[in-house]
Amino acid sequence: MSDSFDVLWLSASSILQRFDRPLVQYLSRHMRIAHWEYQQSQDEGSSIDQAVELLYEFLEYSDCSVHLAGHGMGGAVALSFARRYPQKVRSLTLLAVSSQPANTWHAHYYFQRQLFSISREQILASSARSLFGNQPPHTAKKLVAALDKDLEQSPTPHSLFKLVYLPKGGVSMPMMICGCKTDPIVSSPALYDWLNWLKPEDKLWECPQGYHFFHYFYPQEVGEQMLHFWERHDLHLVKASALTFSSSISQ
């Protein structure tokens, strides 16, 4: 199956995957990219392990490894998958994933619920401002609704009763870590803590601005960094990108 694409983008929430589209669309102009989305029914419990197993079922019968990438919780799923099934992953690219992979925006939400005596709606409104910056009232209202839905759909292991932690550390394949200087969830110290596990072939890059969803606001800048990383580790992609570029010029 994966011989039909080179890169697999992981999304852990159908409601937030809209913020991945600009980057995925940019990358798709240069290489073969597929999108995998985790969907959870209301009767299922939140589980990263289940998301990992569903992803394995998707890639199980493929003879080719893929470049795996994801943002936030999607990146946490990608990291867990790469550790469990390294033979399936050619490289791993994580966007807005802390060195403690469970420290997603969901963890910050539940921590505030435990710490402060304020409502779910108030914390979601505050989270929307932190994640996206100040937005017009009608946009902010839509963002709050999206975050509210994401709490139900995402395979986050956190709850009001307990915050869960995942193992820290790196992976055996080449890895790229992308973050943002204005991201309040994965701050610069949390991002640069990855340096404790990076190998010589790995890369860490920080976007100057864009908050937690920096890849939505700056898809080309982020996409160029990802393409350079993949091309450095995959000669096939260098040839494919050159062919795509020359074809677009001739048209």
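Here's what I pulled together on the structure shown here. Since this is a predicted model, take the numbers as computed values, not measurements.

Focus: the nonpolar core
Counting 76 residues, the largest nonpolar core has Leu 8, Leu 68, Leu 92, Leu 94, Trp 105, Met 226 and Trp 230 as the members making the most contacts within it. Here this core takes seven residues from helix α3 (residues 73-84), the largest share from any one element. With sequence-adjacent residues up to four places away left out, Leu 8 is seen in contact with Ala 34, His 35, Trp 36, Leu 55, Phe 58, Leu 59, Val 66, His 67, Leu 68 and Ala 69.

Concerning the packing of helix α4 (residues 105-115) against helix α6 (residues 137-153)
For the pair α4 and α6, the least separation of the axes is 11 Å and the interaxial angle reads 100°. Comparing their axes, α6 and α4 come out roughly perpendicular. Judged by residue contacts, Trp 105, His 106, Tyr 109 and Tyr 110 of α4 engage Leu 147, Asp 150 and Leu 151 from α6.

A few points about the pairing of strand β3 (residues 66-71)
Counting buried positions over the six residues of β3 gives six, a clear majority of the element. Along β3, one buried face is formed by Val 66, Leu 68 and Gly 70 and the opposite face, lined by His 67, Ala 69 and His 71, is buried too. Looking at chain direction, strand β1 (residues 7-11) and β3 are connected through four bridges and run parallel. Bridging from a neighbouring strand, Val 7 pairs with His 67 of β3. Where β3 lies against strand β4 (residues 89-95), six bridges are found, and the strand directions are parallel. Bridge assignment links Leu 68 to a residue of β4, and that residue is Leu 92. Running through α3, the crossover from β3 to the neighbouring parallel element β4 is right-handed.

Some points on α4
Taken residue by residue, α4 has Trp 105, His 106, Ala 107, Tyr 109 and Tyr 110 as its buried positions. For α4, the elements touching its buried residues are α3, α5 (120-132) and α6.

Describing the sheet that holds β1
Pairing is parallel across the open sheet formed by six strands, whose spatial order is β2-β1-β3-β4-β5-β6. What marks the edges here is a single partner per strand, and that holds for β2 (33-37) and β6 (203-207). Strand-to-strand twist in this sheet, taken as the mean axis angle between neighbours without regard to direction, amounts to 20°. The strands touched by helix α1 (residues 21-28) are β1, β2 and β4; relative to β2, the strand with the most contacts, the crossing angle is about 150°. Running at roughly 155° to β4, helix α9 (residues 219-233) makes contact with β1, β3, β4, β5 (175-180) and β6 of the sheet.

Points about the side chain of Asp 20
With respect to the secondary-structure elements, Asp 20 resides in the loop between β1 and α1. Discounting residues that sit within four places of it in the chain, Asp 20 has contacts with Trp 9, Ser 11, His 71 and His 215.

Here's the deal with the pattern of salt bridges
Inspection of every chain in the model, using the stated rule, returns seven salt bridges. With its nearest N and O atoms 3.9 Å apart, the salt bridge here joins Lys 149 to Glu 152. With Lys 149 and Glu 152 both in helix α6 and three residues apart, this pair spans about one turn of that helix. Given a relative accessible area of 37%, Lys 149 falls into the partly exposed group. Through salt bridges with shared partners, a single network forms among Asp 49, Glu 53 and Arg 84.

Overview of a nonpolar patch on the surface
A grouping of Phe 111, Leu 115, Phe 116 and Ile 118 is seen on the molecular surface, where their side chains present a nonpolar patch of about 380 Å² in accessible area. Here Leu 115 is to be found in helix α4.

Examining the pairing of β2
A regular strand places its side chains on the two faces of the sheet in alternate fashion. In the sheet, β1 pairs with β2 via five bridges, with the strands oriented parallel. Across the sheet, Leu 10 pairs through a bridge with Trp 36, a residue of β2. This β-α-β element, β1 to α1 to β2, shows right-handed connectivity.

Calculation rules
- Residues numbered from 1 in each chain as written.
- Predicted model: local features only at pLDDT ≥ 70, side-chain atom pairs only at ≥ 80, totals over all residues.
- Heavy atoms only, no water.
- Core = buried A, V, L, I, M, F, W, Y, C linked by side-chain atoms within 4.5 Å.
- Buried < 20%, exposed > 50% of the residue type's maximum accessible area, 1.4 Å probe, protein only.
- Helix = DSSP H or I, 4+ residues; strand = E, 2+ residues; numbered from the N terminus.
- Contact = heavy atoms within 4.5 Å.
- Axes fitted to C-alpha atoms, helices over the stretch in contact; angles between N-to-C directions.
- Parallel < 35°, antiparallel > 145°, perpendicular 65-115°, else oblique.
- Pairing = 2+ DSSP bridges.
- Right-handed = clockwise from strand over helix to strand, strands pointing away.
- Salt bridge = Lys/Arg side-chain N within 4 Å of Asp/Glu carboxyl O.
- Patch = residues over 30% accessible without salt bridge, like charges linked within 9 Å, V, L, I, M, F, W, Y side chains within 5 Å.
- Areas by Shrake-Rupley, 256 points an atom, 1.4 Å probe, with all protein chains shown as cover.

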